[in-house]
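# Working through the structure, step by step
Given next are the chains, with one letter for each unit.
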Amino acid sequence: MTRFPVSTAFLAVTASALLSSAAWAQQSSPDYDRYGWGPHMMGWEGGWFGMIFGPIFMILVLAVVIAVAVLIVRWLGGPWHATAPHQSPTAQSPLDILKERFARGEIDKDEFEERRRILSE
């Protein structure tokens, strides 16, 4: 008994199936136009009005995906705090500045007393 390798048997079965289907497809059928396939297939009557929905839904789905991604990032990122509005430093009186300089040791007690006396006049 002769044994054929599996690959040879597989090739033989595949070739016979393809050849028989190719021969069947070449057969001319008298009812080739039975289903009415052609430029106006499936009753669309050549109308393209429905094609606008494809891009609209594509943009809509993309917007939803982006919105969900932003919401997830915000949720995972924790609360968001806006930066505080720019506040000008509080206006200090000359006497407050003099007290700060004395506290930092930039001026001594005598100079502090003299300048405070001048400012209070």
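This text goes with the structure placed above it.
To start, this report covers the structure provided alongside it. These figures come from a predicted structure and were not determined experimentally. (Residues numbered from 1 in each chain as written. Predicted model: local features only at pLDDT ≥ 70, side-chain atom pairs only at ≥ 80, totals over all residues. Heavy atoms only, no water.)

### Here's the deal with the overall build of the protein
Quick note on the threshold: By definition, any uninterrupted DSSP run of H or I lasting at least four residues is a helix, any uninterrupted run of E lasting at least two residues is a strand, and each is numbered from the N terminus. Burial classes follow relative accessibility: with a 1.4 Å probe on protein chains only, a residue under 20% of its type's maximum area counts as buried, one over 50% as exposed, and anything between as partly exposed. Only the protein chains shown count as cover for residues, and all accessible areas are computed by the Shrake-Rupley method using a 1.4 Å probe.
Within the protein, the secondary structure is distributed over four helices and zero strands. Seen in sequence order, the protein has helices and strands lined up from the N terminus as α-α-α-α. Looking at the 121 residues of the protein, the share that counts as buried comes to 2%. For the protein, the exposed surface amounts to about 11,800 Å²; the carbon and sulfur share of it is 68%.

### Quick word on the packing of aromatic side chains
The condition is simple: Working definition: rings of Phe, Tyr and Trp (its six-membered ring) pair if their centres are within 6.5 Å, and the pair is stacked with planes under 30 degrees apart, edge-to-face with planes over 60 apart, and tilted otherwise.
On inspection of all chains with the given rule, the structure shows two aromatic pairs. Aromatic pair Phe53 and Phe57: ring centres 6.4 Å apart, planes at 35°, arrangement tilted. Residue Phe53 and its partner Phe57 are located together in helix α2 (residues 53-77), separated by four residues, close to a single helical turn. Take Phe57: its relative accessible area is 48%, and that puts it in the partly exposed class. Where Phe102 meets Phe112, the ring centres are 4.7 Å apart and the plane angle is 20°; that geometry is what we call stacked.

### Some thoughts on the environment of Ser120
Here is the rule: Here a polar contact means two N or O atoms within 3.5 Å. Within protein one must be a hydrogen donor candidate and the other an acceptor candidate, and residues neighboring in sequence count only if both atoms are side-chain atoms.
Note that Ser120 resides in helix α4 (residues 109-120). Through-space distance from the C-alpha of Ser120 to that of Leu95 is 8.6 Å; in sequence the pair is 25 residues apart. Among the polar contacts listed, one links the side chain of Ser120 to the backbone oxygen of Arg117, at a separation of 3.0 Å.

### So, the pattern of salt bridges
A side chain with one charge can pair with a side chain of the opposite charge if their charged atoms come near. Formally: Salt bridge criterion: a side-chain nitrogen from Lys or Arg within 4 Å of a carboxyl oxygen from Asp or Glu.
One pass over the structure, following the stated rule, counts five salt bridges. When the shortest N-O distance is used, the salt bridge between Glu106 and Arg104 registers 3.1 Å. Put simply, Arg116 and Glu113 hold a salt bridge, and the shortest N to O gap is 2.8 Å. Of the two residues, Arg116 and Glu113 are both situated in helix α4; the distance of three residues between them amounts to about one turn of the helix. Each of Glu100, Arg101, Arg104 and Glu106 takes part in one network of salt bridges that share partners.

### Some points on α2
We apply this condition: Any helix carries an expected span of 1.5 Å times its number of residues minus one.
For α2, built from 25 residues, the straight-helix expectation of 36 Å at 1.5 Å per residue is met to within 8% by its first-to-last C-alpha distance of 36 Å. Count one or two residues on from α2 and you reach Gly78, which has phi positive near 85°.

### Side note on the packing of helix α3 (residues 94-104) against α4
The line we're drawing: Here an angle of 0 to 180 degrees is reported between the N-to-C directions of two axes, which are lines fitted to C-alpha atoms, with helices fitted over the stretch in contact. For this classification, under 35 degrees means roughly parallel, over 145 means roughly antiparallel, 65 to 115 means roughly perpendicular, and everything else is oblique. Residue contacts are defined here by distance: any two heavy atoms, one from each residue, within 4.5 Å place the two residues in contact. Think of it as three bins: nonpolar holds Ala, Val, Leu, Ile, Met, Phe, Trp, Tyr, Cys and Pro, charged holds Asp, Glu, Lys and Arg, and polar takes everything else, Gly as well.
The interhelical angle for the contact between α3 and α4, taken along N-to-C directions, is 180°, at an axis separation of 10 Å. By the angle between their directions, the pair α3 and α4 is classed as roughly antiparallel. Between α3 and α4, the residues in contact are Pro94, Leu95, Leu98, Lys99, Arg101 and Phe102 and Lys109, Phe112, Arg115, Arg116 and Leu119, respectively. In terms of residue class, the contact of α3 with α4 is made up of six nonpolar, no polar and five charged.

These figures come from the coordinates and say nothing about function on their own.
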